[in-house]
Amino acid sequence: MSQSSIDAIFPLRIADISHHSGQIIETAGYIHHIRHLGGVTFVLLRDATGIVQIVTREPLSSPLKPETTVLVRAQVHQESRAPGGFELIRPRFTILSEPQMARPYDLTHPLEDTHLKFRLDVAPFMLRHPHWRKVFQMASQSVQAFRHALINAGFVEIHTPKIVGTATESGAAVFPVQYYGKEAFLAQSPQFYKQILCGVFDRVYEVGPVFRAEPHDTVRHLSQYTSLDAEMAYIRDHHDVMRVLTIVIQEMVEAVSPHLDSSQRPWLPDEIPVISFREALSRLSQAFSCDLSYEKDLAPQHEGWLGRWALETFHSDFLYVEGYPLSKRPFYTHPNSDDPETSRSFDLLFRGQELVTGGQRLHRYDDYVSALTARHLNHERFDSYLMAFRYGMPPHGGFAIGLERFIARLLGIANIRDASLFPRDMTRLTP
């Protein structure tokens with residue numbers, strides 16, 4: 001069935017009404033607002049694609065109230081003063097459903113007039129707000145662009161288990177679950193599986209939930225978020241991974257840019273600037289007038305300073321930091337050959353906040369044995385994972401993008417919960 005055939009099944013969407021000037025059409029949606037002025041009734045109809053004005057001088061056959069869903073048969077009339085330059089005239093309404101209680105908020109009012117807790121508590125309703133809905137439409141477009149970039153490069157989409165038998169891969173806390181009388185865990189990433197599948201498909205990606213049980217109660221952390229993962233074989237080092245990631249980020253930004261205002265549109269050069277972790281610490285030590293050379297990771301305030309520095313120095317909202325200490329990276333991270341205490345890994349900062357972690361992985365079985373032994377990890381716990389390396393694996397690496405964090409940084413959203421449809425954190429399990 002073609003796309004046009006699918007469209008023919010449904011009423012015309014509001015975004016497509018402008019293509020039918022002068023025609024009688026059927027559309028459907030929610031009553032957004034009603035206004036009576038000098039014997040004329042103006043009805044704003046809302047669907048997922050926009051809002052259209054309906055004008056009638058005839059009395060309504062039945063009273064309409066906001067959030068009533070209706071089917072409307074009307075003529076499309078060009079009107080420059082109407083939203084979108086078109087309006088519907090001579091309408092005939094068919095009520096599909098009516099609200100059973102008063103709405104908790106007038107959706108014609110600004111979203112900023114509400115508190116986060118209120119929005120989250122009544123999310124099934126508040127997500128209808130045009131401005132909040134737009135956030136998640138952009139998230140959808142971003143994921144489509146992520147997929148498009150990788151599919152064009154021959155990547156295969158995979159779907160890996162979210163219930164796993166191994167507690168941890170990198171020291172992060174996990175959620176235990178009961179699994180037919182055994183203890184299992186919610187997956188904190190698809191890392192092991194996407195590496196294994198590099199031995200099958202060479203290049204793979206996945207879009208799916210991941211679970212982190214760290215007791216973080218901050219504006220930048222969630223207990224469940226959407227991870228955009230990619231893994232690729234036959235790389236030379238982590239710089240190849242960074243090149244792929246840059247192309248993916250460029251396509252994601254390009255996909256949403258038409259819907260951003262000038263203040264939201266990020267500065268993204270053809271080549272994202274790169275700084276080593278050690279150089280970053282040196283610059284930070286000077287900026288903060290203290291010795292940070294002993295640090296093993298970047299604190300949020302350090303990431304923020306680097307973000308401002310990259311914008312001023314390179315005219316870029318993005319900055320790669322590479323060469324993190326090997327001891328602070330997962331056991332499967334490949335060391336630098338000329339400096340074994342550092343790793344072939346990187347973070348990508350977006351407007352002064354970590355957005356992506358990636359790098360080259362170990363690919364030889366003996367190196368895994370050594371890495372697990374050095375960290376006092378039980379080899380048997382990783383037996384099914386290590387099986388792939390016993391039979392040979394090519395050099396490979398990958399990255400993971402946090403979708404909610406990408407959208408929050410892109411749109412200037414202060415609290416990441418506003419970039420999650422139904423956020424899960426230390427206190428919230430509903431709705």
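Anything mentioned here points back to the structure above.
Quick notes on the rules
- Residues numbered from 1 in each chain as written.
- Predicted model: local features only at pLDDT ≥ 70, side-chain atom pairs only at ≥ 80, totals over all residues.
- Heavy atoms only, no water.
- Helix = DSSP H or I, 4+ residues; strand = E, 2+ residues; numbered from the N terminus.
- Contact = heavy atoms within 4.5 Å.
- Pairing = 2+ DSSP bridges.
- Axes fitted to C-alpha atoms, helices over the stretch in contact; angles between N-to-C directions.
- Parallel < 35°, antiparallel > 145°, perpendicular 65-115°, else oblique.
- Nonpolar A, V, L, I, M, F, W, Y, C, P; charged D, E, K, R; others polar.
- Phe/Tyr/Trp six-rings, centres within 6.5 Å; stacked < 30°, edge-to-face > 60°.
- Buried < 20%, exposed > 50% of the residue type's maximum accessible area, 1.4 Å probe, protein only.
- Polar contact = N/O pair within 3.5 Å; in protein donor to acceptor, adjacent residues only side chain to side chain.
- Left-handed = near helix turned anticlockwise from the far one by under 90°.
- Patch = residues over 30% accessible without salt bridge, like charges linked within 9 Å, V, L, I, M, F, W, Y side chains within 5 Å.
- Areas by Shrake-Rupley, 256 points an atom, 1.4 Å probe, with all protein chains shown as cover.
- Salt bridge = Lys/Arg side-chain N within 4 Å of Asp/Glu carboxyl O.

Participant: Is there a simple way to think about the environment of Val40 in this case?
Facilitator: By the secondary structure assignment, Val40 is in strand β2 (residues 40–47). With 154 residues separating them along the chain, Val40 and Lys194 place their C-alpha atoms 61 Å apart. Among residues more than four places away in sequence, those in contact with Val40 are Arg35, Val55, Thr56 and Arg57.

Participant: Which parts of the structure should I look at to understand the sheet that holds strand β8 (residues 176–179)?
Facilitator: Neighbouring strands of a sheet are bound in pairs by backbone hydrogen bonds; such pairs are parallel or else antiparallel. The three strands are arranged β7-β9-β8 in an open sheet whose pairing can be described as antiparallel. Sheet topology places β7 (163–164) and β8 at the edges, where each strand pairs with a single neighbour. The pairing of β7 with strand β9 (residues 182–186) spans two bridges and is classified as antiparallel. Bridge pairing links Val164 to Phe185 in β9.

Participant: Is there a simple way to explain the packing of helix α7 (residues 277–288) against helix α8 (residues 300–314) in this structure?
Facilitator: Between two packed helices, both the angle of their axes relative to each other and the distance between the axes serve to describe the pair. Between α7 and α8, the least distance of the axes is 11 Å, while the angle of their chain directions is 95 degrees. As summarised for this structure, α7 and α8 are arranged roughly perpendicular, according to the angle between their axes. Where α7 approaches α8, its residues Ala280, Arg283, Leu284, Ala287 and Phe288 are matched on the opposing element by Gln301, His302, Trp305, Leu306 and Trp309. In the contact of α7 with α8, the residues fall into seven nonpolar, two polar and one charged.

Participant: Hey, could you run me through the packing of aromatic side chains in this one?
Facilitator: Centre distance and the angle of the planes are the two values used to describe a pair of aromatic rings. For the structure on display, the rule yields 21 aromatic pairs. On the basis of an interplanar angle of 85 degrees and a centroid distance of 6.4 Å, the ring pair of Phe192 and Tyr332 is categorised as edge-to-face. Placement of Phe192 in helix α5 (residues 191–201) and of Tyr332 in the loop between β13 (318–322) and β14 (335–336) is noted, with a sequence separation of 140 residues between them. The residues Phe192 and Tyr332 share a single accessibility class, namely buried.

Participant: How should the side chain of Thr160 be read in this particular structure?
Facilitator: Position of Thr160 relative to the elements: it lies in the loop between β6 (156–157) and β7. At 3.2 Å, the side chain of Thr160 forms a polar contact with the side chain of Lys162. Each residue touching Thr160, except ones within four places of it in the same chain, is listed here: Pro190, Tyr193, Leu197 and Glu206.

Participant: How do you make sense of the sheet that holds strand β17 (residues 354–360) when you look at a structure like this?
Facilitator: A sheet is described by the order of its strands in space; here eight strands give the open sequence β6-β10-β11-β18-β17-β16-β13-β12, paired in mixed fashion. Among the strands making up the open sheet, the edge pair consists of β6 and β12 (274–276). Examined bridge by bridge, β13 and strand β16 (residues 345–350) share five bridges and lie antiparallel to one another. Paired with Leu319 across the strands is Leu349, a residue of β16.

Participant: Please explain the packing of α5 against helix α10 (residues 383–390) as it appears in this structure.
Facilitator: Interhelical geometry of α5 versus α10 gives an angle of 20 degrees and a closest axis separation of 9 Å. The orientation of α5 relative to α10 falls into the category roughly parallel. As for the relative orientation of α5 and α10, their crossing is left-handed in sense. Residues Phe192, Gln195 and Ile196 of α5 touch α10, and the partners they reach there are Ser384, Tyr385, Ala388 and Phe389. When grouped by side-chain class, the residues that make up the contact of α5 with α10 number five nonpolar, two polar and no charged.

Participant: Explain the side chain of Ser223 to me, please; I cannot follow it from the model alone.
Facilitator: With respect to the secondary-structure elements, Ser223 resides in the loop between β10 (203–211) and β11 (224–233). In contact with Ser223, not counting residues within four places along its chain, are Phe175, Val210, Phe211, Arg212, Arg424, Asp425 and Met426.

Participant: I would appreciate a short explanation of the pairing of strand β18 (residues 396–402) in the present structure.
Facilitator: For a regular strand, the rule is simple: side chains alternate between the two faces of the sheet. Taking burial as the measure, the seven residues of β18 include six buried ones, the bulk of the element. As defined by bridge partners, β17 adjoins β18 across five bridges and the pair is classed as antiparallel. Bridge pairing in β18 places Gly358 opposite Phe399.

Participant: Please explain a nonpolar patch on the surface as it appears in this structure.
Facilitator: A surface patch of nonpolar side chains, about 300 Å² in accessible area, is lined by Ile6, Ile9 and Phe10. For Ile6, the location among the structural elements is in helix α1 (residues 3–7). Relative accessible area serves as the criterion here: at 31%, Ile6 is assigned to the partly exposed category.

Participant: I keep staring at unusual backbone geometry and nothing clicks. Help me out?
Facilitator: Trans is the common state for peptide bonds, and a negative phi is the common state for residues other than glycine. With omega at -5 degrees, the peptide bond leading from Thr430 into Pro431 counts as cis. With respect to the secondary-structure elements, Pro431 resides in the segment after α11 (403–411). With a phi close to 50 degrees, Arg90 is a non-glycine residue in the positive phi region. Following the sequence through the fold, Arg90 ends up in strand β5 (residues 86–97). With a phi angle near 75 degrees, Asp202 is a residue other than glycine that sits in the positive phi range. Its location among the elements puts Asp202 in the loop between α5 and β10.

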